[in-house]
Amino acid sequence: MRIGMALSYSGGFKETVSELADYEKAGLDIVYVAEAYSFDAVSQMGYIAAKTEKLEIASGILPIYSRTPTLLAMTAAGLDYVSEGRFTLGIGASGPQVIEGFHGVPYHAPLGRTREVIEICRKVWKRERLQHQGKYYTMPLPEGQGTGLGKPLKIINHPVRADIPVLVAAIGPKNVELTAEIANGWEPIFYLPEKAADVWGPSLAAGKAKRDASLGELDVVGQAALAIGDDVQGYLEFGRPMAALYIGGMGAKGKNFYNDLCRRYGWEKEAEEIQDLYLAGKKDEAAAKVPYELLEKMSLIGSEGHVRERLAAMKESGVTTLNVTPIAQDHKAKLALIEKVKEMAADV
């Protein structure tokens, strides 16, 4: 399993990047940079490319609604160029609160748009003259739309790679099926290896049945907080506020994908209580309702023996990349965690 780490998208970015060279030496394979409604991720990933040598860099994720498909392709090609072939384009639909609230764009047809975005990106990277007549995107614009002067163009530069990896963040059944069919990688949130087959197995199987063999195996990215020791169990509590935010606050009633996932895991009652409390402004009470089993099973927190067991469960369930968040008192201790989990993952 590869070992990855996500960078925070709020504050202290330059200081964090200055430490990435140390993580690179410690064995970190890939770093993920999010784009929510903070600074854009692209400028930050370019900065990371200049400050590292071998570390892979991925967007985690760029929303498909806030850029045209062609600009996503150009951006990925540019980042792959400045990183000398180290970039992965991570994309996702985000959610209506961000897309409609912050970008002012209708949140419509995420599945169909994701398919067309990936198709368009791959045409651009192959330097084909771009012609696409889809349900959601048309290039060039047809007569009657615009000036009528648009013509098929191909990207001027020669991309470093014509097959830049595409990672999709997905948790819904149809979105996971689509990801398994056409993407290089899949990143779910709140990944529980013991429940993954029941929740996502049918979708993954249906997608893989239609998958082009040239894409290779699907890279499955599991996220996990990381702390190793006999006195670290309390760190599990750090995950409560974030879990409550997603399960309770990332969407309205009936429109929260993360709440739906919690229900599909079997915690219907807890999911409803968390959402009701969170939307009522009772964030602490909502966090207290997050199931302890969810916090424990989606984390790598505990004794060395426990973490080895969790790593084995992750691998057995199909995880090929671990996106970890090391929890420790200082930079040196976090580096030690990356070194240790890299060593442990190699043994399972």
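Predicted model, so just to flag it, every value in this text is computed and none were measured.

Criteria and thresholds
Residues numbered from 1 in each chain as written. Predicted model: local features only at pLDDT ≥ 70, side-chain atom pairs only at ≥ 80, totals over all residues. Heavy atoms only, no water. Phe/Tyr/Trp six-rings, centres within 6.5 Å; stacked < 30°, edge-to-face > 60°. Helix = DSSP H or I, 4+ residues; strand = E, 2+ residues; numbered from the N terminus. Buried < 20%, exposed > 50% of the residue type's maximum accessible area, 1.4 Å probe, protein only. Lys NZ or Arg CZ within 6 Å of the ring centre and 35° of its normal. Pairing = 2+ DSSP bridges. Right-handed = clockwise from strand over helix to strand, strands pointing away. Axes fitted to C-alpha atoms, helices over the stretch in contact; angles between N-to-C directions. Left-handed = near helix turned anticlockwise from the far one by under 90°. Contact = heavy atoms within 4.5 Å. Nonpolar A, V, L, I, M, F, W, Y, C, P; charged D, E, K, R; others polar. Salt bridge = Lys/Arg side-chain N within 4 Å of Asp/Glu carboxyl O.

(A) Geometry of the packing of aromatic side chains. Enumeration over the complete set of coordinates arrives at 11 aromatic pairs. Centroid distance Trp-200 to Tyr-265: 6.1 Å. Interplanar angle 75 degrees. Geometry classified as edge-to-face. Residue Trp-200 is found in helix α8 (residues 193–209), and its partner Tyr-265 is found in the loop between α10 (257–264) and α11 (268–279); the two are separated by 65 residues along the sequence. By relative accessible area, which is 5% here, Tyr-265 ends up buried. Put simply, the rings of Trp-186, Tyr-191, Trp-200, Tyr-265 and Trp-267 pair up and form one aromatic cluster. Directly above the ring of Trp-267 sits Lys-195, whose terminal nitrogen or CZ lies 5.1 Å from the centroid.

(B) The arrangement of the environment of Gly-112 in detail. On the secondary structure map, Gly-112 appears in helix α6 (residues 110–125). A C-alpha to C-alpha distance of 28 Å links Gly-112 and Ala-271, two positions 159 residues apart in sequence.

(C) The arrangement of the pairing of strand β8 (residues 166–169) in detail. The pairing of strand β5 (residues 87–92) with β8 spans three bridges and is parallel. Following the sheet pairing, Gly-90 is matched in β8 by Leu-167. Following the backbone out of β8, through helix α7 (residues 173–182) and into the adjacent parallel strand β9 (residues 185–187), one traces a crossover that is right-handed.

(D) Up close: the packing of α7 against α8. For the pair α7 and α8, interaxial distance at closest approach is 7 Å and the crossing angle is 35 degrees. The interaxial crossing formed by α7 with α8 has right-handed handedness. Along its contact with α7, which presents Pro-173, Val-176, Glu-177, Ala-180 and Glu-181, the element α8 presents Trp-200, Ser-203, Leu-204, Ala-206, Gly-207 and Lys-208. Class assignment of the residues belonging to the contact of α7 with α8 gives a composition of six nonpolar, two polar and three charged.

(E) The pairing of strand β10 (residues 219–228), seen in detail. Across the 10 residues that make up β10, a large majority, seven, are buried. Bridge count between β9 and β10: two bridges; the pairing is parallel. When the bridges of β10 are listed, Trp-186 appears paired with Val-220. For the segment spanning β9, α8 and β10, crossover handedness is right-handed. Where β10 and strand β12 (residues 321–326) come together, six bridges link them in parallel fashion. In the sheet register, Gln-223 faces β12, and the bridge partner there is Asn-323. Looking at chain direction, β10 and strand β11 (residues 300–302) are connected through three bridges and run parallel. Within the sheet, the bridge partner assigned to Ile-228 lies in β11 and is Gly-302.

(F) Looking closely at the pattern of salt bridges. A complete count under the given rule lists 18 salt bridges for this structure. With its nearest N and O atoms 3.1 Å apart, the salt bridge here joins Glu-304 to Arg-308. Separated by four residues within a single helix, Glu-304 and Arg-308 lie in helix α14 (residues 304–317), roughly one turn from each other. Of the residues examined, Glu-304 reaches a relative accessible area of 34% and is grouped as partly exposed. Connected via shared salt-bridge partners are Arg-115, Glu-177, Glu-181 and Lys-210.

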